[in-house]
Amino acid sequence: MVKDYYAILNIPENSSPQEILEAYKVYATKSHPQNPSEDVGHLPELSKSKIWQLVNEAYDVLSNPETKDIFDRYGEDGLLSGTTYHEPYVYRGDPMKTYNDTFAFESPKTKDANLEITLPLDITEVYHGTVKVVQILRRNYDAIRKKSVLQEHRLIIPIQPGVTTGTKYLFREEGDQGPDAIPADVIFKVKDMENGTYRRDGSDLHMNCPIELIDALCGFRQPVPIRTLDDRTFNIMLTGVVGPSYVKQIPNEGLPMEDNCEKRGDLYIHFNIKFPAEIPVPVKKELRKLLEQLPQ
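Residues numbered from 1 in each chain as written. Predicted model: local features only at pLDDT ≥ 70, side-chain atom pairs only at ≥ 80, totals over all residues. Heavy atoms only, no water.

## Here's the deal with a nonpolar patch on the surface
For step 1, the next point in the chain: Where nonpolar side chains cluster on the molecular surface, the patch consists of Ile-279, Val-283, Leu-287, Leu-291 and Leu-294 and spans about 380 Å² of accessible area.
For step 2, the next point in the chain: Turning to its location among the elements, Ile-279 is positioned in the loop between strand S15 (267–274) and helix H8 (281–292). (Patch = residues over 30% accessible without salt bridge, like charges linked within 9 Å, V, L, I, M, F, W, Y side chains within 5 Å. Areas by Shrake-Rupley, 256 points an atom, 1.4 Å probe, with all protein chains shown as cover. Salt bridge = Lys/Arg side-chain N within 4 Å of Asp/Glu carboxyl O. Helix = DSSP H or I, 4+ residues; strand = E, 2+ residues; numbered from the N terminus.)

## Focus: the sheet that holds strand S8 (residues 198–201)
For step 1, the next point in the chain: One open sheet holds the four strands; their spatial order is S8-S9-S15-S12, and the pairing between them is mixed. The sheet terminates laterally at S8 and strand S12 (247–250), the two strands that pair on one side only. When the angles between neighbouring strand axes are averaged without regard to direction, this sheet yields 30°. (Pairing = 2+ DSSP bridges. Axes fitted to C-alpha atoms, helices over the stretch in contact; angles between N-to-C directions.)

## Focus: the pattern of salt bridges
For step 1, the next point in the chain: Across all of its chains, the model carries 12 salt bridges by this definition.
For step 2, the next point in the chain: Between Asp-69 and Arg-73 there is a salt bridge, with the nearest N and O atoms lying 3.1 Å from each other. Separated by four residues within a single helix, Asp-69 and Arg-73 lie in helix H4 (residues 65–81), roughly one turn from each other.
For step 3, the next point in the chain: Here Asp-69 falls in the partly exposed class, since its relative accessible area comes to 30%.
For step 4, the next point in the chain: For Arg-73, a relative accessible area of 57% corresponds to the exposed category.
For step 5, the next point in the chain: Residues joined by salt bridges that share partners form a network here, namely Asp-230, Arg-232 and Glu-253. (Buried < 20%, exposed > 50% of the residue type's maximum accessible area, 1.4 Å probe, protein only.)

## Quick word on the environment of Ile-11
For step 1, the next point in the chain: Relative to the helices and strands, Ile-11 is located in the loop between helix H1 (5–8) and helix H2 (17–31).
For step 2, the next point in the chain: Separated by 13 residues in sequence, Ile-11 and Tyr-24 place their C-alpha atoms 9.8 Å apart.
For step 3, the next point in the chain: Setting aside residues no more than four positions away along its own chain, Ile-11 makes contact with Tyr-6, Glu-19, Ile-20 and Ala-23. (Contact = heavy atoms within 4.5 Å.)

## Considerations on the packing of aromatic side chains
For step 1, the next point in the chain: Considering all chains together, one arrives at seven aromatic pairs under this definition.
For step 2, the next point in the chain: Each ring, one from Tyr-24 and one from Tyr-59, has its centre 4.4 Å from the other, and the planes form 25°; the classification is stacked. With Tyr-24 in helix H2 and Tyr-59 in helix H3 (residues 48–62), this residue pair connects regions lying 35 residues apart in the sequence.
For step 3, the next point in the chain: Classification of Tyr-24 as buried rests on a relative accessible area of 0%.
For step 4, the next point in the chain: Within the aromatic cluster, the residues linked to one another by ring pairs are Tyr-5, Tyr-6 and Phe-71. (Phe/Tyr/Trp six-rings, centres within 6.5 Å; stacked < 30°, edge-to-face > 60°.)

## A short note on the sheet that holds strand S2 (residues 115–121)
For step 1, the next point in the chain: Across the sheet, three strands lie side by side as S2-S7-S5; this open sheet has mixed pairing. Each having just a single partner strand, S2 and strand S5 (168–171) make up the two edges of the open sheet. Averaged over all adjacent pairs, the angle separating strand axes in this sheet is 25°, with direction ignored.
For step 2, the next point in the chain: Here four bridges tie S5 to strand S7 (residues 186–192), and the two strands are oriented antiparallel to one another. When the sheet's bridge partners are listed, Tyr-169 is paired in S7 with Phe-188.

## Some words on the side chain of Ser-31
For step 1, the next point in the chain: By secondary structure assignment, the location of Ser-31 is in helix H2.
For step 2, the next point in the chain: In this structure the side chain of Ser-31 is engaged in a polar contact, spanning 2.7 Å, whose partner is the backbone oxygen of Tyr-27.
For step 3, the next point in the chain: Contacts of Ser-31, omitting those with residues within four sequence positions, involve Val-40, Lys-48, Ile-51 and Trp-52. (Polar contact = N/O pair within 3.5 Å; in protein donor to acceptor, adjacent residues only side chain to side chain.)

## Here's the deal with H3
For step 1, the next point in the chain: Its 15 residues give H3 an end-to-end C-alpha distance of 21 Å, which sits within 8% of 21 Å, the value for a rise of 1.5 Å per residue.
For step 2, the next point in the chain: Most of H3 is tucked away, with 11 of its 15 residues classed as buried.
For step 3, the next point in the chain: Buried within H3 are the following residues: Lys-48, Ile-51, Trp-52, Leu-54, Val-55, Asn-56, Glu-57, Ala-58, Tyr-59, Val-61 and Leu-62.
For step 4, the next point in the chain: Lining the buried residues of H3 we find H1, H2, H4 and helix H5 (95–101). (Expected span 1.5 Å × (residues − 1).)

## What about the confidence of the model for the chain?
For step 1, the next point in the chain: Taken residue by residue, the chain gives an average pLDDT of 88. The fraction at 70 or more is 96%.
For step 2, the next point in the chain: Taken element by element, the predicted model of the chain shows its lowest mean pLDDT in strand S1 (residues 110–111) (74) and its highest in S12 (96). (pLDDT = per-residue confidence, 0-100.)

## Describing the state of the cysteines
One way to say it: the disulfide is the covalent bond shared by the sulfur atoms of two cysteines.
For step 1, the next point in the chain: This model, assessed by the stated rule, comprises zero disulfides.
For step 2, the next point in the chain: Cysteine Cys-218 remains unbridged, with the sulfur of Cys-209 as its closest cysteine sulfur at 17 Å.
For step 3, the next point in the chain: You can call Cys-218 exposed: its relative accessible area is 59%. (Disulfide = S-S within 2.5 Å.)

So, in structure tokens, the structure goes:
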């Protein structure tokens, strides 16, 4: 059988190097041993395995300017006989290696697993906003030395006022990188830190204020100072009875709203009434008489 390498790749003789490459990709993929389909599309008189060998041989000849020139001038006979400037041609290629080297069947690069880091914020950082500077150890792959190296890497995270817990800050491809892999993403996930004074509920704040039993029953004897997160102080004064379930709402004294930091949530003050550990019997009798006079 006289081999026509252009016919094997199903292309005209004036094809460009790029057209030769693209034709090879098409017919090498169709005739690949791992391709379950038996339909190669042309050369029906030949088996798929034979076409696989011929397609790779054709590409080996036509992708090399020297062997292509000899084939174009003298055909297969000239190629096999050799010339004064080129030894006789013998196909010694590895079809699978040729196929993979043209990346027609190359697997895409994998990406290292994301690195998720908890970013704890205290309530004042949430209130004012802040800039967090975080040092991480990043594993980089040194392609020259063919080894992984650990490097310190600094990431700067601007935190807007009112940020909510669970908010994620994404740094694309700033994480670890393995051989032939795309660097991982680094994700910082906000978490509110426990606070001894305030409890957060969205943009609202809740706090506990201890008061004496006499103030709960008879009204405050003096104003109670409340310290805010921006270092202001305001006083609250209650004259009525403060029951265990009473909550004082102070508008616009909560956290900035995440979608509009010019607006704020509310502050809710819960009162913890301090009861005496014990009451002397004479006082208890007098207190009972007084309380029995109160309307039910």
